[in-house]
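Below are the chains, spelled out letter by letter.
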Amino acid sequence: MSFYQGNDLRKPTGGVKGVHRGKRKRELGSPPTLTVLAGEEDRRIVRVRGGSVKVRVKKALYVNVYNPKEKSCRKVKILSVVETPSNPQNARFQIISKGTIVKTELGLVRITSRPGQDGVLNGVLIEK
């Protein structure tokens, strides 16, 4: 199954536009990477357009936490997913994305990286 990211060939009124060409390979996408909280870490290397590679985090257990008061970073274990502002369902399914608030050994942390795009989980401590 492919994920088409081009024009949907519909007018704002709902009418069908005349097709002047077909779909192009460059307009294809991929399904979203749903990074979940798990007992072990799992990363996948995916080839993307142009021959580049992208690291995707499939399962996460640790997060790199920046403490603004101490100006230091630590690798800390994630205990649970508290809240996901982009989609409240994701917190129930323990899915981690940018903006997610997770509970760690240090306290509450807001995720600042995009784990499905960057291949790493970074966050900022917001509460002890």
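This text gives an overview of the structure that appears in the document. (Residues numbered from 1 in each chain as written. Predicted model: local features only at pLDDT ≥ 70, side-chain atom pairs only at ≥ 80, totals over all residues. Heavy atoms only, no water.)

### Observations concerning the overall build of the protein
Right, so step 1: On a plain count of helices and strands, the protein comes out with two helices and 11 strands.
Right, so step 2: Along the chain direction, N to C, the helices and strands of the protein fall in the order β-β-β-β-β-β-β-α-β-β-β-α-β.
Right, so step 3: Relative to the compact-globule value of 14 Å for 128 residues, the protein shows a C-alpha radius of gyration of 19 Å, a clear excess of over 25%.
Right, so step 4: Considering only C-alpha atoms, the protein reaches an extent of 60 × 35 × 25 Å along its principal axes.
Right, so step 5: Looking at the 128 residues of the protein, the share that counts as buried comes to 28%. (Helix = DSSP H or I, 4+ residues; strand = E, 2+ residues; numbered from the N terminus. Rg over C-alpha atoms; globule rule 2.2 N^0.38 Å. Buried < 20%, exposed > 50% of the residue type's maximum accessible area, 1.4 Å probe, protein only.)

### Concerning the layout of surface pockets
Right, so step 1: When its volume is computed, the largest pocket comes out at roughly 740 Å³.
Right, so step 2: What lines the largest pocket is a set of 29 residues, and nearest its centre among them are Ser 30, Pro 31, Lys 54, Arg 56 and Gln 117.
Right, so step 3: Elements represented by at least two residues in the lining of the largest pocket include exactly strand E2 (28-29), strand E4 (42-47), strand E5 (53-60), strand E8 (95-96) and helix H2 (115-118). (1 Å grid on protein atoms, 1.4 Å probe; cavity = no way out; pocket = protein on both sides within 12 Å on 5 of 7 lines; lining within 4 Å. Points joined across faces, edges and corners; volume = space filled by probe spheres on them.)

### A short note on the packing of aromatic side chains
Right, so step 1: Tallied over the full model, the rule gives zero aromatic pairs.
Right, so step 2: The ring of Tyr 4 is capped by Lys 23, whose NZ or CZ atom sits 4.7 Å from the centre of that ring.
Right, so step 3: Over the face of the ring belonging to Tyr 62 we find Lys 75, whose NZ or CZ atom lies 4.8 Å from the ring centre. (Phe/Tyr/Trp six-rings, centres within 6.5 Å; stacked < 30°, edge-to-face > 60°. Lys NZ or Arg CZ within 6 Å of the ring centre and 35° of its normal.)

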